[in-house]
Amino acid sequence: MKFKGLYAAAASLAVLLPLASCSEEPLPEAELPIMAWHSIPASHTSVETFQEMKDCGFNIHFTFYYSLKDLFNALDAAEKVGVKVMASASALYSQTDSVVNLIKDNPALYGYFLRDEPLPPAFPDLAAWAQRIKDADKGEHPLYLNLFPSYVDFSGFGMTYRDYVRQFIDEVKLPMVSFDNYPLTIEDGIRQLWYSNLQIVMEESEKSGLPFWAFALCVPHWNYPVPTMASLRIQQYTNLAYGASGLQYFTYWTPNPEDPFHYHDAPITWEGEKTFQYDNVKTLNAELQARAGVFVGSKVVSLAHTGTVLPPDSPALVDMPAHVKSLSTGGDGAVVSLLENGEWNYLVVVSRTVDKPVTLDVEFDEKACMVDREGKLQKVAKGKNSFTIEEGDVAIFRFKK
């Protein structure tokens, strides 16, 4: 059967095969960590601005603070609306024990931020600082920093990007790995090396038994175009398909427009007003949380790509995932990820294009369910099915392991 549009397909299938016959068991309740990077500045801290951030679908706030007073104001506002704070303050380095003791029991504390994009020579000092925080905190909260993307050249340090990630994991010993890579540019479209960057972080994190977090760009600047719903979706769903357990957006609040990068039109302007991007991000975050039961606690069983031309260093889909007899897409291709979560498998197919739809032809050897944007399950018949995945979008199917 052929349907025009993925979610038109869901509606049509729901009529033919009611939800009750698909599965009596809905997605489990779950919540993805979604962090607003460069969030509400100290000058705009209030219960109202934190509620506005929460309403946009963020549950973790992160902003650099230079004074403990500003950090405490943020913790207070965050607690009132029910979100968490990734703590940052200049004194966290110079007065580690005293600062940690002041904030470690705060109910709004999520964890501690160390620094952004460290180079390898900084790792020993970061490791020592991280240990001081762990000792003072007694291991109650995670420590976090953000690594460079793979398009940074590490040959001057005598290493590859994989070496960089591995050395960070081995030396700094944090409980998670996070990296940024903003894959859509005006000149290049989608940076194809983004996929190998995800592959490396996924593999190195898995070897160490660590979760990893990844980003979507939602503020235009420099050579990065204005994000669309398609470009936001492709970033976050690809992150999840590769096994990311936490999602981030750069940035929630627009940085100073006089910065040389010429930031503009993040979800919130420099002056504190909502932009069109606020509604886009809010919509996507609600969609992500509706499907959180697919991803929270999941494990990547297999991951491959379809298409005429594969991204560099990315595996081709040769062996079909479990319960899939055949799967093909058009020449532009897709990411095909099989996740395991409890007693279920989830087939996650993410488009690799943001400017046109992708046709997905898939044949299951048993009945499956499709997970729609509201997290509801619609039955897909055993055998051959055809779907149109919209630009940058995803198709998610569930079946028993």
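Read on for an overview of the structure. (Residues numbered from 1 in each chain as written. Predicted model: local features only at pLDDT ≥ 70, side-chain atom pairs only at ≥ 80, totals over all residues. Heavy atoms only, no water.)

## Some remarks on the pattern of salt bridges
Then, number 1: One pass over the structure, following the stated rule, counts 15 salt bridges.
Then, number 2: Note that Glu204 and Arg162 form a salt bridge whose closest N and O atoms lie 2.8 Å from each other. Taken together, the positions of Glu204 in helix α9 (residues 193-208) and Arg162 in helix α8 (residues 161-172) put the pair 42 residues apart, joining distant regions of the chain.
Then, number 3: Arg162 sits in the partly exposed class, given a relative accessible area of 30%.
Then, number 4: Linking Arg166 and Glu204 is a salt bridge whose minimum nitrogen-to-oxygen distance equals 2.8 Å. Remark: Glu204 occurs in helix α9 and Arg166 occurs in helix α8; sequence separation between them is 38 residues.
Then, number 5: Members of the salt-bridge network, linked through shared partners, are Arg162, Arg166, Asp170, Glu203, Glu204 and Lys207. (Salt bridge = Lys/Arg side-chain N within 4 Å of Asp/Glu carboxyl O. Helix = DSSP H or I, 4+ residues; strand = E, 2+ residues; numbered from the N terminus. Buried < 20%, exposed > 50% of the residue type's maximum accessible area, 1.4 Å probe, protein only.)

## Side note on the environment of Tyr66
Then, number 1: With respect to the secondary-structure elements, Tyr66 resides in the loop between β2 (60-62) and α4 (68-81).
Then, number 2: Separated by 17 residues in sequence, Tyr66 and Val83 have C-alpha atoms that sit 21 Å apart.

## Examining the packing of aromatic side chains
A ring pair, where both rings are aromatic, is described by two values, the distance of the centres and the angle of the planes.
Then, number 1: If you walk through the whole model with that rule in mind, you get 33 aromatic pairs.
Then, number 2: With a centroid separation of 6.1 Å and 50° between ring planes, the pair formed by Phe154 and Tyr161 is classed as tilted.
Then, number 3: According to the relative accessible area criterion, Tyr161 is buried, its value standing at 7%.
Then, number 4: Between Phe261 and Tyr263, the aromatic rings sit 6.0 Å apart at their centres with planes inclined by 35°, giving tilted as the arrangement.
Then, number 5: Arg398 extends its terminal NZ or CZ atom over the ring of Trp344, reaching a point 3.6 Å from the ring centre.
Then, number 6: Above the ring of Trp344, the side-chain terminus of Lys400 is found at 4.3 Å from the ring centroid. (Phe/Tyr/Trp six-rings, centres within 6.5 Å; stacked < 30°, edge-to-face > 60°. Lys NZ or Arg CZ within 6 Å of the ring centre and 35° of its normal.)

## Regarding the layout of surface pockets
Then, number 1: What the largest pocket holds in volume is close to 740 Å³.
Then, number 2: Along its surface, the largest pocket is lined by 34 residues, and Trp37, Phe250, Thr251, Pro255 and Tyr263 are the ones closest to its centre.
Then, number 3: Taken together, the residues that form the lining of the largest pocket break down as 20 nonpolar, eight polar and six charged.
Then, number 4: Taken together, 19 residues make up the lining of the second largest pocket; nearest its centre are Leu210, Pro211, Gly243, Ser245 and Ser298.
Then, number 5: Breaking the lining of the second largest pocket down by element, the ones donating at least two residues are α9 and β11 (299-305).
Then, number 6: Per-element accounting of the lining of the second largest pocket gives the leading share, three residues, to α9.
Then, number 7: Taken together, the residues of the lining of the second largest pocket sort by class into 10 nonpolar, six polar and three charged. (1 Å grid on protein atoms, 1.4 Å probe; cavity = no way out; pocket = protein on both sides within 12 Å on 5 of 7 lines; lining within 4 Å. Points joined across faces, edges and corners; volume = space filled by probe spheres on them. Nonpolar A, V, L, I, M, F, W, Y, C, P; charged D, E, K, R; others polar.)

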